[in-house]
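# Chain and residue survey
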Amino acid sequence: MVLQRIAADRHSIGMHGQSHRKLRQLPPCEWQAEILPCQATVSRVRGRQPMWLRAPFGAVSDEQIEWCAARSIRIANWLLGS
Ligand SMILES: [Zn+2]
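Residues numbered from 1 in each chain as written. Predicted model: local features only at pLDDT ≥ 70, side-chain atom pairs only at ≥ 80, totals over all residues.

Here we come to the environment of Ala69. Along the polypeptide, Ala69 turns up in helix H3 (residues 62–70). The exposed category is assigned to Ala69, around which 11 C-beta atoms lie within 10 Å. (Helix = DSSP H or I, 4+ residues; strand = E, 2+ residues; numbered from the N terminus. Buried ≥ 20, exposed ≤ 12 C-beta atoms within 10 Å, placed from the backbone.)

Pasting the structure below:
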């Protein structure tokens, strides 16, 4: 499995959602269903929870940022012009 090879090479593994949907446009049950299975998969392969979420299209709401922060998940995003 690709994740196991990446982990074996000691790279960080973050999350990007299950189906590349814009999280900010989804109700909580759906955006959480994008994140939680990723978290479970990476946790199982890596042996610890992933620390990073890069939301598809960078589209993440304040509510989602707070939800992630409460679970020690940081948001990886970019700035315009970067
Ligand atoms: Zn993407």
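Another aspect to go through is helix H2 (residues 28–46). With 19 residues, H2 extends 26 Å between its outermost C-alpha atoms, agreeing within 8% with the 27 Å of an ideal straight helix rising 1.5 Å per residue. If you check which residues of H2 are buried, you get Trp31, Glu34, Ile35 and Val42. Contacts from the buried residues of H2 go to helix H1 (2–8), strand E1 (52–53) and H3. Positive phi appears at Gly47, one or two residues downstream of H2, with a value of about 85°. (Expected span 1.5 Å × (residues − 1). Contact = placed C-beta atoms within 7 Å.)

Here we take up unusual backbone geometry. In this structure, His20 takes a positive phi of about 60° despite not being glycine. You can see His20 is positioned in the loop between H1 and H2. When the 11 C-beta atoms within 10 Å are taken as the criterion, His20 is described as exposed.

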